[in-house]
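Survey of secondary and tertiary structure
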Amino acid sequence: MALLPIIKLDDPVLRKKAVRVTSFGPDFQRLVDDMVETMIAAPGVGLAAPQVNVSQRLIVVRLSDDEDSRKEFGDLAGKLFVVVNPKIIKTSRTLVDGVEACLSIPGYAGTVFRHEQVVITGEDRHGKPIRIKAKDWLARVFQHEIDHLDGRLFIDIAEEIWDTRSKPADGEAAKEDGAEAGERQAS
Ligand SMILES: [Zn+2]
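In what follows, the accompanying structure is described. Being a predicted model, the structure only gives us computed values, none of them experimental.

Let us look at the pairing of strand β4 (residues 95–101). Sheet analysis places β4 next to strand β5 (residues 108–115), joined by 7 bridges and oriented antiparallel. Counted as the bridge partner of V96 is R114 from β5. Remark: 6 residues form the turn of the hairpin made by β4 and β5, two consecutive strands paired antiparallel; G107 in that turn has positive phi of roughly 90°.

Next comes the structure, spelled out in structure tokens:
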């Protein structure tokens, strides 16, 4: 396994529509392993293949498994999701706003409205069909990562964006930033 360099905002690969994965051979398996290692080392809770300069429809997601996360997410804390050719097939009507950051856009965070719940279909790393129901923070991470596959970044749809290295003027934003962008990390 190897750590892969994470592509930053000014690279056009982040804006391309990624292509479907059709080969699940050894090279692809290595890519999955490397992406998981890269995400955990970053540290982040999600990573999409375009972020490591591979324009293919593959995402990995893993919520933190520290004590707070285990309390909040139960069995989902530390659970690894590898989703190939993911597709959101169902969304809740309810939208919720929350704070997001991105490993490709270091130093920034923003508030984004996302569906509270989503149902995702796709394939596992060996091409077997899978279906995932996600809500709240996990649903947000999936939506953020799947957006990457279509060249969309959170800064495109954020209501507000701020520099996390400087103190936001708004007291509440500062608190949220610490709680979400800081502890929960970027994807
Ligand atoms: Zn991202």
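What follows covers unusual backbone geometry. Looking along the chain, the bond that leaves A42 and enters P43 is cis, with omega of -10°. By the element assignment, P43 lies in the loop between α1 (26–41) and β1 (46–48). In this structure, N53 is a non-glycine residue whose phi angle is positive, near 70°. Mapped onto the secondary structure, N53 falls in the loop between β1 and β2 (58–62). The phi dihedral of N85 falls on the positive side, at around 50°, and the residue is not glycine. Following the sequence through the fold, N85 ends up in strand β3 (residues 80–91). C-beta crowding within 10 Å serves as the criterion here: with 19 such atoms nearby, N85 is assigned to the partly exposed category.

For the rest of this paragraph, the subject is the nonpolar core. What tends to happen in soluble globular proteins is that the nonpolar side chains get buried as a cluster. Among the nonpolar cores identified, the biggest contains 36 residues, and M35, I59, V60, V61 and F142 are the most heavily contacted of them. Elements represented by at least two residues in this core include exactly α1, β1, β2, β3, β4, β5, β6 (117–123) and α3 (136–149). Here the element with the most residues in this core is α3; it accounts for 6 residues. Apart from residues lying up to four places away in sequence, I59 is in contact with G46, A48, V83, P86, E145 and I146.

The rules behind the values
- Residues numbered from 1 in each chain as written.
- Predicted model: local features only at pLDDT ≥ 70, side-chain atom pairs only at ≥ 80, totals over all residues.
- Pairing = 2+ DSSP bridges.
- Helix = DSSP H or I, 4+ residues; strand = E, 2+ residues; numbered from the N terminus.
- Buried ≥ 20, exposed ≤ 12 C-beta atoms within 10 Å, placed from the backbone.
- Core = buried A, V, L, I, M, F, W, Y, C linked by C-beta atoms within 7 Å.
- Contact = placed C-beta atoms within 7 Å.

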